[in-house]
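Given next are the chains, with one letter for each unit.
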Amino acid sequence: MKRIIIPLMLAVLSIAGCTRDDGKPKDLPPLFPCEITITQEEKPLAGATIALESFGEVKTVYLPSGITDERGKAVLSTYGFKGVPVGTYKVTVRKTVIEDVTQVMDSYGDMVDSPGTEYRTVEPKFSNANTTPHELEITNSKKMTQATFDVGKPVKEKKSNY
């Protein structure tokens, strides 16, 4: 029993030592408010996942992200805390839908939903930091950084598992 408890206690203490009293990691830099609006052909895009990937001189290991609401707006968070560290970022946008869900009988004779087919609805170039044309700079201003990005025409591309 001691063989399990002692390593477990050490793991808990080492994890606790990596965070501040507010639960934030000790190396998490100050965060600044950021709201991004995503449109597709100038109409709000709901349910899209936005992620910022840092590049340039100042890079962060934390990945700010958010999901757009029905107005296409997302307030970004980093490591679960509202805001984004100072830096220059590539803005990536992803959205998928699942279609063709049908009822099938499983091996126990119960009717269940089939997994359906997953489709991308945003061009793949917007989901990759190397190909997205969208960039954003966050400064150390307490004022909300706001930006709007359009992801062009809707697509319906079967998503692969690769």
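It should be noted that the structure appears before, not after, this text.
Here is a short report on the structure shown in this document. (Residues numbered from 1 in each chain as written. Predicted model: local features only at pLDDT ≥ 70, side-chain atom pairs only at ≥ 80, totals over all residues. Heavy atoms only, no water.)

Check the secondary structure of the protein chain and you find 1 helix and 15 strands. When the 162 residues of the protein chain are sorted by exposure, 31% land in the buried category. Partitioning the intrachain contacts of the protein chain with sequence separation of at least 6 by distance along the chain shows that 65% fall at a separation of at least 24. Only carbon and sulfur atoms are counted for the fraction: they give 55% of the accessible area of the protein chain, which is about 10700 Å². (Helix = DSSP H or I, 4+ residues; strand = E, 2+ residues; numbered from the N terminus. Buried < 20%, exposed > 50% of the residue type's maximum accessible area, 1.4 Å probe, protein only. Contact = heavy atoms within 4.5 Å. Areas by Shrake-Rupley, 256 points an atom, 1.4 Å probe, with all protein chains shown as cover.)

Take the pairing of strand β3 (residues 49-55) next. In this sheet, strand β4 (residues 65-67) lies alongside β3 in antiparallel orientation, the contact comprising 3 bridges. Each residue of the ladder has a partner; that of A51, found in β4, is S65. With 7 bridges joining them, β3 and strand β8 (residues 87-94) adopt antiparallel strand pairing. Looking at β8, one finds that E53 is bridged to K90. (Pairing = 2+ DSSP bridges.)

If you trace the backbone, T132 turns up in the loop between β12 (117-120) and β13 (135-138). What makes T132 buried here is its relative accessible area of 3%. In this structure T132 touches K90, V91, T92, K125 and F126, once residues within four positions along its chain are discounted.

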